[in-house]
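Geometric and topological summary
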Amino acid sequence: MKITGVKGMNDILPAAVGRWHEMERLAREVFHLYGYREVRTPAVEHAALFARGVGEATDIVNKEMYVFEDKGEELLALRPEGTAGTVRAFIEHGCHVEGLQKWFYIGPMFRRERPQKGRYRQFHQIGCEAFGAGQPAVDVEQIALLADLFSRLGVTTDLKLNSVGDAACRPAYLASLKGYLQGHAGALCADCRDRIERNPLRVLDCKVESCQPVLQGAPRLLDALCQGCKDHLGAVTSGLDALGVAYRLDPRLVRGLDYYTRTAYEFASDALGSQSAVAGGGRYDGLVETLGGQPTPGIGFALGQERLALILEAIGRAPPEQGPAVFFLSADEAGAKEALRRASQLRKLGIACDLDPRGGKMKTQFKQAERVGARYAVVLGGNEAASGEAKLKDLATREELPVRLDDLAERLRE
Ligand code: AMP
């Protein structure tokens, strides 16, 4: 029986990996500019971390998490998102004493969702977390960072912004929202009815057409914010205005996870047809404490790399992987030996080169040179090995120029 890859878990083949390198290169560059440093945490954590940190009432933990018993000893989970593990590491290594910490991560996440375009069971996220400052300036800086990254990638996005309140104002709002939703439960879809008790904020997020009239009439959290949350939101919007970052206030933008407070934001793109979220973030001032750390404010986002790769493809920003500078073709056995020797010399000098170890027909070897995207080709045989002279063929223009093999590195550097 043929064994295939697991449903919803994708291979990224060499022909497509250039887009991934491009987004990761630019992300690292931007993170450096904004003072975010990389953290790497394991893909496997105790399942309890996510139950507590993400919330048992969320679909992510409740329905979609890959949980397994490790040889009957402990309950582990493949991480469904990056924040909980990052916070766990932050607490475990006592990092709160170091003041403000700005971290980023890049890596695979796992959710057992129904696979569809842009939604997978193993997917990848690039995320940022800033710990230790509750000031709106951190929110502004982080949102501006993400806007900067998208602009460098050439991706046009819409930024939606909201406040989800805090412990002072959200409980009363949730009570009034629940009351309203219960009163209109008959007009809501099954998922929404199910969420009224468990996660009423998420109901606001429902995209089902028949739910929209009820949701449009729902009480707005923006109208129920306490003074502290209002001031915070006002400072975030005026900070973004000052930096020229465009946004739209969206009172129905909520985050699916329980630990968010105040600022919630989302970057969406319509490059894929309908609007889809590429990155979502928000403040989570209660999370570090919930996971057993010192009370520490925090704010973070996660960007979906598969979505971004699809967008980069759709807008034609797909840099081809850079091929080798030169490809050696061998005309005979002496040429094959010379090719290996010359390739080794060039590689030591930091010049990428390749050869066809199978030898054989020139035509086949030229095909291979083109397949790997080589810039130049050099045919080597006994004569070239003896004289140290060969022809340098430009594979794009087909032009041929004589070259001394000892000068090859210098010529290629030009
Ligand atoms: P979340 O962690 O759910 O806030 O998602 C943040 C971003 O990750 C989303 O905007 C998507 O771009 C991406 N994302 C979330 N879930 C998936 C998935 N199952 N497959 C691919 N991308 C995803």
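Only a predicted model underlies this, so the values are computations on that prediction, with no experimental measurement involved. The numbers attached to residues start from 1 for each chain and follow its sequence in the written order. Totals for whole chains, interfaces and linings use every residue, but because this is a predicted model, local features are given only for residues with pLDDT of at least 70 and side-chain atom pairs only at 80 or more, for both listing and counting. Remark: hydrogens and water are excluded; side-chain values derive from all non-hydrogen atoms of the structure.

Here a strand is any run of E in DSSP of at least two residues, a helix any run of H or I of at least four, and the numbering for each starts at the N terminus. Within the secondary structure layout, V67 lies in strand 3 (residues 67–70). Residue burial is assigned from relative accessible area. The probe radius is 1.4 Å, only protein chains are included, and a residue is buried under 20% of its type maximum, exposed over 50%, and partly exposed in between. Relative accessible area serves as the criterion here: at 40%, V67 is assigned to the partly exposed category. Along the backbone, V67 and A47 are 20 residues apart, and their C-alpha atoms lie at a distance of 6.7 Å. If we ignore the near neighbours within four places in the chain, the residues touching V67 are A47, L75, L76 and A77. Should any heavy atoms of two residues lie within 4.5 Å, those residues are considered in contact.

Residue proximity to a molecule or strand is established when one non-hydrogen atom of the residue lies within 4 Å of it. The ligand sits among 14 residues. The nearest are R111, E113, Y120, Q125 and R255. R111 places a side-chain nitrogen or oxygen 2.8 Å from an oxygen atom of the ligand. A distance of 3.2 Å separates an oxygen atom of the ligand from a polar backbone atom of A277. Using the Shrake-Rupley algorithm and a 1.4 Å probe, accessible areas are obtained, with residue cover drawn only from the displayed protein chains. Protein chains bury 89% of the 480 Å² of accessible surface belonging to the ligand in isolation. Whenever two N or O atoms come within 3.5 Å, that pair is a polar contact, provided that in protein one can donate a hydrogen and the other can accept it, and provided that, for residues adjacent in sequence, both atoms are side-chain atoms.

This part is about the sheet that holds strand 15 (residues 389–394). The rule for pairing is simple: two strands pair if DSSP sees at least two bridges between them. Reading across from one edge, 13-12-14-15-16 is the order of the 5 strands in this open sheet, with mixed pairing throughout. Each end of this open sheet is capped by a strand with a single partner; those strands are strand 13 (353–355) and strand 16 (400–404). Each adjacent strand pair in this sheet contributes to an overall mean axis angle of 30°, direction not counted. Where strand 12 (residues 326–330) lies against strand 14 (residues 376–380), 5 bridges are found, and the strand directions are parallel. Only the stretch in contact is used when fitting a helix axis, every axis being a line fitted to C-alpha atoms; angles between N-to-C directions are given from 0 to 180 degrees.

Time to look at the state of the cysteines. Only a pair of cysteine sulfur atoms within 2.5 Å qualifies as a disulfide here. Applying the stated rule across the entire model yields 0 disulfides. The thiol of C206 is unpaired, and the distance to the nearest cysteine sulfur, on C192, comes to 3.6 Å.

Turning our attention to the environment of A15. Locating A15 in the fold gives a position in the segment before helix 1 (17–33). Judged by its relative accessible area of 78%, A15 is exposed. Remark: the alpha-carbon pair of A15 and K102, spanning 87 residues in sequence, is separated by 34 Å.

With that settled, the discussion passes to a positive patch on the surface. For patch building, the residue pool is restricted to those with more than 30% relative accessible area and no salt bridge; the joining distance is 9 Å between like charges and 5 Å between nonpolar side chains (Val, Leu, Ile, Met, Phe, Trp, Tyr). The working definition used for a salt bridge is a side-chain nitrogen of Lys or Arg within 4 Å of a carboxyl oxygen of Asp or Glu. Counted as positive: Lys and Arg. Counted as negative: Asp and Glu, with His and the chain ends omitted from the count. All charge positions are set by atom: Lys at NZ, Arg at CZ, Asp at CG, Glu at CD. Taken together, the side chains of K361, K363, K367 and R371 define a basic patch exposed on the protein surface. Structurally, K363 can be placed in helix 15 (residues 362–371).

Moving on to the nonpolar core. Here the nonpolar core consists of buried residues drawn from Ala, Val, Leu, Ile, Met, Phe, Trp, Tyr and Cys, with membership extended through side-chain atoms lying within 4.5 Å. In terms of nonpolar packing, the biggest core is built from 94 residues, with F31, L146, F150, Y265, L303 and L308 touching the most fellow members. Ranked by residue count, the leading element in this core is helix 5 (residues 136–153), at 9 residues. Residues within four places of L308 in sequence aside, it is in contact with M23, F150, L153, V155, V278 and L303. A339, L380, A390 and L412 belong to the second-largest nonpolar core, a separate cluster that totals 17 residues.

Another aspect to go through is the packing of helix 1 against helix 13 (residues 305–314). At a minimum axis distance of 10 Å, the contact between helix 1 and helix 13 shows a crossing angle of 110°. Between helix 1 and helix 13, the angle falls in the class roughly perpendicular. Regarding helix 1 and helix 13, the two cross each other, and that crossing is right-handed. Facing R19, W20, M23 and E24 of helix 1, the residues of helix 13 in contact are Q305, E306, L308, A309, L312 and E313. To sort the angles, those under 35 degrees are grouped as roughly parallel, those over 145 as roughly antiparallel, those from 65 to 115 as roughly perpendicular, and the leftovers as oblique. By definition, turning the near helix anticlockwise from the far helix through less than a right angle yields a left-handed crossing, and turning it clockwise yields a right-handed one.

Points on a 1 Å grid over protein atoms alone make up a cavity when a 1.4 Å probe fits among them but cannot get out, and a pocket when they form an open set with protein on both sides within 12 Å along at least five of seven lines; lining residues each have an atom within 4 Å of a point. Grid points are joined across faces, edges and corners, and a volume is the space filled by probe spheres set on the points. Within this model, the second largest pocket holds a volume of roughly 230 Å³. Along its surface, the second largest pocket is lined by N10, D11, I12, A16, R19, W20, Y120, H124, E306, A309, L310 and E313. The element that contributes the greatest number of residues to the lining of the second largest pocket is helix 13, accounting for 4 residues.

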